[in-house]
Amino acid sequence: MKETIRYLAGIAGPSGFGSNSTAEQVTQQYSPSNNLTALITGATSGIGAETARVLAKRGVRVVIGARDMKKAIKIREKIQEESPYAEIILLEIDLSSLASIHRFCSEFLALELPLNILINNAGVYSHNLEFSEEKIELTFATNYLGHFLLTKMLLEKMIDTSNKTGIQGRIINISSVIHSWVKRTCFCFKDMLSGKNYNGTRAYAQSKLAMILHAKEMARQLKARNARVTINAIHPGIVRTGIIRAHKGLITDSLFFIASKLLKTVSQVRLSLKWTTIAIEFAVFI
Ligand SMILES: NC(=O)c1ccc[n+]([C@@H]2O[C@H](COP(=O)([O-])OP(=O)(O)OC[C@H]3O[C@@H](n4cnc5c(N)ncnc54)[C@H](OP(=O)(O)O)[C@@H]3O)[C@@H](O)[C@H]2O)c1
């Protein structure tokens, strides 16, 4: 409760930053001269696009994994208008397709770049029951399974990079506070894969809980290996992006109507993106 009030009021925490701090403010004093490379999924809009912008502005080489290359090219142009020397590499990936993730990883690894930061950000909310090309429920396939496979395929590269550079690697899973809506009795992998009795919000919440469980288990495994790579799962705050607009329904609409005064608009996102702040702190600087 105390934390919620602090968040809503924008009161700064021990770090000196609060929910109203901007990503730019948080990163102002840092100028990473370590040639960091960050890979971010879903950076063609919303939270991911802003994260890519701020990372690039701070001199991080950014690899954007996107399913829509036209959108990705536009985002790159926009970032480079502000940061002309930003190095931004675009590679195609559809997180809902295991085959596409395999292709993406082959292309990325063939570039022989280091990998310091992996931000598993792409996400969907699907109101209706849909399936991926491998016949897996779409929300679970995109938000969780895709990122699970991506992380697995890039982990050795991250460990290798951290060993060679002495810089700790960072993986960040973007979860959501909505994960707590999942009842213990409802979290069943079999149901998620078959999509029976589909409910969009439940599917979304389950996928976000899976992101947290993935981070916890992976953190345990990384520690056991003494790997210089950490993994964290975070809630980005509530930002009015594409994913929020996709949540339709009486209860959700009413909740968002009540909360509308508290939601950050897309233009405010540029100024006060709590997630970007946290992610960048986790990813690069802490
Ligand atoms: N906004 C919030 O309040 C909030 C709260 C909690 C958590 N989150 C999480 O934050 C993350 C970012 O969401 P956002 O709010 O910035 O929403 P957004 O503006 O809708 O962005 C979602 C991004 O994911 C990409 N994406 C979706 N499906 C994909 C796929 N199959 N393959 C590759 N990319 C795909 C989208 O690409 P396209 O441009 O091609 O559609 C887009 O770039 C998500 O994981 C979301 O669950 C958001």
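Conventions we followed
Residues take numbers from 1 onward in each chain, read along the sequence in its written order. In keeping with the model being predicted, local features are shown solely for residues with a pLDDT of at least 70 and side-chain atom pairs are shown and tallied solely at 80 or more, while totals for entire chains, interfaces and linings include all residues. UniProt positions are given in the numbering used here, feature names are shortened, and annotations may be inferred rather than shown by experiment. Contact assignment follows one rule, namely that a residue is near a molecule or strand if its backbone-placed C-beta atom lies within 6 Å of it. Secondary structure counts use DSSP, requiring at least four H or I residues in a row for a helix and at least two E residues in a row for a strand, with both numbered from the N terminus. Residues are grouped as follows: Ala, Val, Leu, Ile, Met, Phe, Trp, Tyr, Cys and Pro are nonpolar; Asp, Glu, Lys and Arg are charged; all remaining types, including Gly, are polar. In plain words, the nonpolar core is the set of buried Ala, Val, Leu, Ile, Met, Phe, Trp, Tyr and Cys residues that C-beta atoms within 7 Å link up. With C-beta atoms placed from the backbone, the exposure class of a residue follows from how many other C-beta atoms lie within 10 Å of its own: 20 or more, buried; 12 or fewer, exposed; in between, partly exposed. Residue count minus one, scaled by 1.5 Å, sets the expected span of a helix. At least two bridges found by DSSP between two strands are what make those strands a pair. Inter-axis angles, ranging from 0 to 180 degrees, are taken between N-to-C directions of lines fitted to C-alpha atoms, where helices are fitted over the stretch in contact. Contacts are defined on C-beta atoms placed from the backbone: any two residues whose C-beta positions lie within 7 Å are in contact.

The name given to the protein in an unreviewed UniProt entry is Short-chain dehydrogenase TIC 32, chloroplastic, with the source organism recorded as Pisum sativum. Per its UniProt entry, the protein bears the Sequence similarities (unreviewed entry) comment "Belongs to the short-chain dehydrogenases/reductases (SDR) family."

Around the ligand, 29 residues are found, and the nearest of them are G42, G46, G123, T241 and G242. Elements supplying a minimum of two residues to the shell around the ligand: α3 (46–57) and α9 (242–246). Class assignment of the residues belonging to the shell around the ligand gives a composition of 11 nonpolar, 14 polar and 4 charged.

Once that is clear, we can look at the nonpolar core. Nonpolar side chains tend toward joint burial in soluble globular proteins. Counting 58 residues, the largest nonpolar core has A38, I40, A52, A56, V62, I64 and L118 as its most contacted members. Residue contributions to this core peak at 9 residues, all from helix α6 (residues 138–165).

This part covers α3. Over its 12 residues, α3 extends 17 Å from the first C-alpha to the last, a length consistent with the 16 Å expected when each residue adds 1.5 Å. Taken residue by residue, α3 has G46, I47, G48, A49, E50, T51, A52, R53, V54, L55 and A56 as its buried positions. The first or second residue beyond α3 is G59, which carries a positive phi of 90 degrees.

So, on to the sheet that holds strand β4 (residues 117–120). In space, the 6 strands of this open sheet follow the order β3-β2-β1-β4-β5-β6, with parallel pairing throughout. Either end of the sheet is taken by a strand with one partner, and the two such strands are β3 (88–92) and β6 (229–234). With direction set aside, neighbouring strand axes in the sheet form an average angle of 15 degrees. Where strand β1 (residues 37–41) and β4 come together, 3 bridges link them in parallel fashion. By the bridge assignment for β4, L39 is matched with L118. Packing of helix α4 (residues 69–82) onto the sheet brings it into contact with β2 (61–66) and β3, and relative to β3 it is tilted by some 175 degrees.

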